[in-house]
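Below are the chains, spelled out letter by letter.
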Amino acid sequence: MKGLLIWRLYMVAYKIFCGVVGCEVEDFFNFFKERGLDVSAINAKYVLNREILDFAVGKALKRWYSGERISRNLGVEIMLYLFATRQIRDVIQFGLKERGMKVYVVVISDRDINEAEFDCVDIVDCEEMETELNEEKLKKFMEIYDINEEELEIAGKENFDLLVKEKIVLFDLNK
């Protein structure tokens, strides 16, 4: 799969890929559940970039496997870290809702993940989302991460991803 990342962290492996879901939502999640894999599917338009997603996944896994969990579901835990909030109801809106959505998928397993395992899931590979921050996208992410104009002015637009990482780190520290 194009753009697939494989990491081994805390005795688990995870992969991140971007795709368009070509099956019903329930079938999508059942596919992974039947294989004993945890999965998080995030609407791609709410992911600033893959680096931020990878950063949040690392933080979520660290807390999850240390026993300091917020939720009872690892996929939801990843979304809580990605959006730096403790409110599950706030992150559900950013998840997979319907067939045809472009999503970032994070697959987690306590064993090696073989790429061939995903050949039968109905996800069409796609290019990653545009990561250039136009004014509309910047405002959307400032609202999601509760970043104000003063913070942006101090850090600079070119360092916006660092402000988002800071929000994730502060969320992790204030747990």
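Sequence order as written defines the numbering, with residues in each chain counted from 1. Totals for whole chains, interfaces and linings use all residues, but because this is a predicted model, local features are given only for residues with pLDDT of at least 70 and pairs of side-chain atoms are given and counted only at 80 or more. Side-chain numbers here rest on the full set of heavy atoms in the structure, without hydrogens or water.

A. Layout of the layout of surface pockets. Volume-wise, the largest pocket comes out at about 360 Å³. Here a cavity is any set of points on a 1 Å grid over the protein atoms alone where a 1.4 Å probe fits but cannot get out, and a pocket is any open set with protein on both sides within 12 Å along at least 5 of 7 lines; a residue lines the site when it has an atom within 4 Å of a point. If you go around the largest pocket, you meet 17 residues; those closest to its centre are F29, V39, N73, G75 and V76. Helix and strand assignments come from DSSP, with helices taken as H or I runs of at least 4 residues and strands as E runs of at least 2, each series counted from the N terminus. Taken together, the elements giving at least two residues each to the lining of the largest pocket come down to α1 (25–34), β3 (38–43) and α3 (74–82). A per-element tally of the lining of the largest pocket places β3 first, with 4 residues. Three classes are used: nonpolar for Ala, Val, Leu, Ile, Met, Phe, Trp, Tyr, Cys and Pro, charged for Asp, Glu, Lys and Arg, and polar for all others, with Gly counted as polar. Here the lining of the largest pocket is composed, by residue class, of 10 nonpolar, 4 polar and 3 charged. Grid points are joined across faces, edges and corners, and a volume is the space filled by probe spheres set on the points.

B. Expanded view of the side chain of K59. Relative to the helices and strands, K59 is located in helix α2 (residues 50–66). Contacts between residues were defined by any pair of non-hydrogen atoms, one from each residue, lying within 4.5 Å. If sequence neighbours within four positions are ignored, K59 has contacts with Y81, I168, V169 and D172.

C. Representation of α1. Any residue under 20% of the maximum accessible area for its type is buried, any over 50% is exposed, and the rest in between are partly exposed; the area is computed with a 1.4 Å probe on protein chains only. Among the residues of α1, those classed as buried are V25, F28, F31 and F32. All buried residues of α1 project into a common sector of 130° when viewed along the axis, lining one side. Among the exposed residues of α1, those oriented more than 90 degrees off its buried face are E26, K33 and E34. Positioned one or two residues after α1, G36 has a phi angle of 70°, which is positive. This arc is taken over the directions from the axis of the helix to the C-beta atoms.

D. Representation of the pairing of β3 in the model. Burial analysis of β3 places 5 of its 6 residues in the buried class, which makes it a mostly covered element. In this sheet, strand β4 (residues 102–109) lies alongside β3 in antiparallel orientation, the contact comprising 6 bridges. Note on β4: the bridge partner recorded for S40 is V106. If DSSP finds at least two bridges between two strands, the strands pair.

E. Looking closely at the pattern of salt bridges. Salt-bridge detection follows one rule: a side-chain nitrogen of Lys or Arg within 4 Å of a carboxyl oxygen of Asp or Glu. Counted by the stated rule, this structure contains 8 salt bridges. A salt bridge links K165 to E51; the shortest N-O distance between them is 2.4 Å. In this pair, K165 sits in helix α7 (residues 160–173) while E51 sits in helix α2, placing the two residues 114 residues apart along the sequence. Here K167 ties to E151 by a salt bridge, and the two come within 3.4 Å at their closest N and O atoms. Taken as a pair, K167 in helix α7 and E151 in helix α6 (residues 149–155) lie far apart in primary sequence, 16 residues in all.

F. Representation of the pairing of β4 in the model. Counting buried positions over the 8 residues of β4 gives 7, a clear majority of the element. Alignment of strand β2 (residues 12–21) against β4, held across 8 bridges, turns out to be antiparallel. Directly across from K15, in β4, lies its bridge partner V107.

G. Quick look at the packing of aromatic side chains. Only Phe, Tyr and Trp rings are paired, with Trp represented by its six-membered ring, and only when their centres lie within 6.5 Å; those with planes under 30 degrees apart are stacked, over 60 edge-to-face, the remainder tilted. For the structure shown, the criterion picks out 7 aromatic pairs. A connected cluster of aromatic rings, assembled from ring pairs, spans F28, F29, F31 and F32. Over the face of the ring belonging to F31 we find R35, whose NZ or CZ atom lies 3.7 Å from the ring centre. A cation over a ring is seen here: K165 above F55, with NZ or CZ 5.4 Å from the ring centre. Only when the NZ atom of a Lys or the CZ atom of an Arg is both within 6 Å of the ring centre and within 35 degrees of the ring normal do we say a charge sits over the ring.

Nothing here speaks to function; it is all geometry.
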